[in-house]
Amino acid sequence: MARLTSLLVASLALLSGVAHAGELTVYTALEADLLPVYKKSFEEQNPGITIRWVRDSTGIITAKLLAEKDNPQADVVLGTAATSLQVLDAEGMLEGYAPKGLDKIDLRFVSKDTPPTWIGTNAWAAALCVNTVEMKKRDLPIPTSWADLAKPEYKGLVVMPNPASSGTGFLDVSSWLQMWGDEKGWAYMDALHQNIATYTHSGSKPCTLAASGEYPIGISFAFRAARVINQGAPVVAIVPTEGVGWDVEASAIIKGTPNEADARKLIDWAVSDAAMQIYAKNYAILGNPAMEETIKNIPADIKAKLIKNDFEWAASHRAAILEEWQKRFGSKSEPKG
């Protein structure tokens with residue numbers, strides 16, 4: 001009978017999403033191939049605490065967290081766009097915490113609350129992945145600007161992420177509206193839409209498609225561009241001359257988590273030197289700039305091309321931007337897998 005009771009309690013806990021001591025449920029939009037590295041580093045430094053990942057693209061993670069607002073299932077959000085965490089913060093869903101090592105972090109990577117409700121660890125920026133072999137076959141020049149991408153010769157050759165499901169897609173749309181204003185920004189997207197083959201649900205997929213040659217031009221981000229080049233793909237990474245959008249991979253504790261003590265340890269780790277050393281292998285821009293390293297094939301001018309990004313503006317206008325974008329361009333979005 002005792003064993004039956006234990007099994008019943010365990011089953012009820014699973015069904016109700018009750019947290020298990022020593023296990024953190026972590027929602028993340030971090031690149032899937034890096035998750036084992038992060039998990040190993042944290043768990044080695046915090047024996048007795050394990051991470052259970054729930055991984056998806058930024059838009060999906062954000063929507064899931066908002067849907068669970070009254071019954072949170074996550075303890076921590078790790079590595080999701082700061083603009084998305086700003087939306088959750090406005091809903092009162094994040095627990096403030098000042099982690100150890102906060103004084104080393106660039107203030108642009110920290111929420112304005114005291115204590116901060118989210119903290120960024122690294123940033124990613126837009127870049128084009130262009131397949132040089134495919135462009136040569138078509139006798140087309142390599143585009144170097146956003147304006148180039150809207151030219152008729154690139155019709156059907158460009159792929160970009162859907163901003164509703166991809167943080168990279170949203171930073172593109174947000175940056176165009178911030179750089180050029182509403183009228184010119186939407187006019188640009190109308191023109192670009194004529195050349196778009198499809199909108200993907202992943203920010204890295206356009207670069208992967210460019211690398212394979214399926215679509216020769218992908219609007220993606222610099223880290224993914226460097227990765228496919230380093231793997232031998234005939235791709236060049238382009239930073240558009242007008243400037244590029246960027247966002248911060250940020251982390252936060254979900255308010256009301258029963259595992260707050262362990263959650264704080266994960267945030268401590270996320271901004272630690274040990275974690276920064278891992279980020280530095282893949283990202284050129286870190287929350288702790290003293291830990292940055294040179295990344296092979298990341299465009300050298302990427303930091304100089306970052307626009308002045310207003311995270312609060314982007315977050316407060318996010319819903320309206322996505323509604324308008326979907327109305328205009330959603331018909332070309334790829335089916336959800």
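Residues numbered from 1 in each chain as written. Predicted model: local features only at pLDDT ≥ 70, side-chain atom pairs only at ≥ 80, totals over all residues. Heavy atoms only, no water.

A few points about the pattern of salt bridges
Link 1 in the chain: By the definition in use, this model includes 20 salt bridges.
Link 2 in the chain: Where Glu-134 meets Lys-137, a salt bridge forms, and the shortest distance between an N and an O atom there is 3.1 Å. Residue Glu-134 and its partner Lys-137 are located together in helix H5 (residues 132-137), separated by three residues, close to a single helical turn.
Link 3 in the chain: Put simply, Glu-293 and Lys-281 hold a salt bridge, and the shortest N to O gap is 3.4 Å. Here the residue Glu-293 occupies a position in the loop between strand E11 (285-286) and helix H12 (311-329), and Lys-281 occupies one in the loop between helix H11 (273-279) and E11, the gap between them amounting to 12 residues. (Salt bridge = Lys/Arg side-chain N within 4 Å of Asp/Glu carboxyl O. Helix = DSSP H or I, 4+ residues; strand = E, 2+ residues; numbered from the N terminus.)

Looking at empty space enclosed by the protein
Link 1 in the chain: By the definition in use, this model includes four cavities of 30 Å³ or more.
Link 2 in the chain: As for the largest cavity, its lining consists of Ala-123, Trp-124, Ala-125, Phe-221, Ala-222, Phe-223, Asn-282, Tyr-283, Ala-284, Ile-285, Ile-298 and Ile-302.
Link 3 in the chain: Elements with a contribution of two residues or more to the lining of the largest cavity: strand E5 (119-131) and helix H9 (222-230).
Link 4 in the chain: No other element matches E5, which puts three residues into the lining of the largest cavity. (1 Å grid on protein atoms, 1.4 Å probe; cavity = no way out; pocket = protein on both sides within 12 Å on 5 of 7 lines; lining within 4 Å. Points joined across faces, edges and corners; volume = space filled by probe spheres on them.)

Focus on the side chain of Thr-25
Link 1 in the chain: Along the chain, Thr-25 turns up in strand E1 (residues 23-28).
Link 2 in the chain: Residue class for Thr-25 comes out buried when judged on its relative accessible area of 7%.
Link 3 in the chain: Engagement of the side chain of Thr-25 in a polar contact is seen with the side chain of Arg-52, the distance being 3.4 Å.
Link 4 in the chain: Those residues in contact with Thr-25, other than ones at most four positions away along the chain, are Arg-52, Val-54, Gln-73, Ala-74, Asp-75 and Val-76. (Buried < 20%, exposed > 50% of the residue type's maximum accessible area, 1.4 Å probe, protein only. Polar contact = N/O pair within 3.5 Å; in protein donor to acceptor, adjacent residues only side chain to side chain. Contact = heavy atoms within 4.5 Å.)

Some details on the packing of aromatic side chains
Link 1 in the chain: Considering all chains together, one arrives at 14 aromatic pairs under this definition.
Link 2 in the chain: For the pair Tyr-38 and Tyr-279, a centre-to-centre distance of 5.8 Å together with 65° between the ring planes defines the contact as edge-to-face. Note that Tyr-38 is positioned in helix H2 (residues 35-45) and Tyr-279 in helix H11, a separation of 241 residues in sequence.
Link 3 in the chain: Tyr-38 gets classed as buried once you look at its relative accessible area, which sits at 2%.
Link 4 in the chain: Overall, Tyr-279 belongs to the buried group, its relative accessible area being 4%.
Link 5 in the chain: When the centroid spacing of 5.2 Å and the interplanar angle of 70° are considered together, the rings of Trp-176 and Tyr-188 count as edge-to-face. (Phe/Tyr/Trp six-rings, centres within 6.5 Å; stacked < 30°, edge-to-face > 60°.)

As for the confidence of the model for the protein
Link 1 in the chain: Within the protein, residue pLDDT values average 91, and 93% of them lie at 70 or more.
Link 2 in the chain: Here residues 1-18 is a poorly scored stretch, pLDDT under 50, and it has four contacts once near neighbours within four places are set aside; other chains count. (pLDDT = per-residue confidence, 0-100.)

Things to note about the environment of Ile-285
Link 1 in the chain: Among the secondary structure elements, Ile-285 is positioned in strand E11.
Link 2 in the chain: C-alpha of Ile-285 to C-alpha of Gly-232: the two residues are 53 residues apart in sequence and 24 Å apart in space.
Link 3 in the chain: The contacts of Ile-285, once residues within four sequence positions are left out, are Phe-109, Asn-122, Ala-123, Glu-292, Lys-303 and Leu-306.

Some points on unusual backbone geometry
Glycine aside, a negative phi is what most residues show, and trans is what most peptide bonds show.
Link 1 in the chain: Cis geometry marks the peptide bond from Thr-114 to Pro-115, where omega comes out at -5°.
Link 2 in the chain: Relative to the helices and strands, Pro-115 resides in the loop between strand E4 (94-95) and E5.
Link 3 in the chain: Of note in the backbone geometry, Asn-297 takes a positive phi value of approximately 75° without being a glycine.
Link 4 in the chain: One can find Asn-297 in the loop between E11 and H12.

Focus on the state of the cysteines
Link 1 in the chain: Tallying each qualifying case throughout the model produces one disulfide.
Link 2 in the chain: Disulfide pairing places Cys-129 opposite Cys-207 at an S-S distance of 2.0 Å. In this structure the cystine formed by Cys-129 and Cys-207 twists about its S-S bond by roughly -90°; its chirality is therefore left-handed. Separated by 78 residues along the polypeptide, Cys-129 in strand E5 and Cys-207 in helix H8 (residues 205-212) bring together distant segments of the chain. Accessibility assignment for this pair places Cys-129 and Cys-207 in one class, buried. (Disulfide = S-S within 2.5 Å.)

Quick look at the pairing of strand E6 (residues 158-161)
Looking along a regular strand, one sees side chains alternate from face to face of the sheet.
Link 1 in the chain: Of the two faces of E6, the one carrying Val-158 and Met-160 and the one carrying Val-159 and Pro-161 are both buried.
Link 2 in the chain: You can see the chain leave E6, run along helix H7 (residues 167-193) and come back into strand E7 (residues 196-200), and the turn it takes is right-handed.
Link 3 in the chain: Relative to strand E8 (residues 217-221), E6 is paired through two bridges, and the arrangement is parallel. Bridge pairing in E8 links Val-158 to Ile-217. (Right-handed = clockwise from strand over helix to strand, strands pointing away. Pairing = 2+ DSSP bridges.)

Quick look at the nonpolar core
Link 1 in the chain: Ranked by internal contacts, the top residues of the largest apolar core, which has 98 residues, are Tyr-38, Leu-65, Trp-146, Leu-266, Trp-269 and Tyr-279.
Link 2 in the chain: Ranked by the residues each element gives to this core, the list is headed by H7, at nine residues.
Link 3 in the chain: Setting aside its immediate chain neighbours within four residues, Trp-269 contacts Tyr-38, Ser-41, Phe-42, Gln-45, Leu-78, Ala-275, Ile-278 and Tyr-279.
Link 4 in the chain: Ranked by size, the runner-up nonpolar core spans 10 residues in total, among them Cys-129, Ile-229, Ala-233 and Val-235. (Core = buried A, V, L, I, M, F, W, Y, C linked by side-chain atoms within 4.5 Å.)

A closer look at H8
Link 1 in the chain: Of all the positions in H8, only Pro-206, Cys-207, Leu-209, Ala-210 and Ala-211 are classed as buried.
Link 2 in the chain: As for H8, its buried residues are in contact with E5, E6, E7, E8, H9 and strand E9 (235-238).
Link 3 in the chain: One or two residues past the end of H8 sits Gly-213, with phi positive at roughly 90°.

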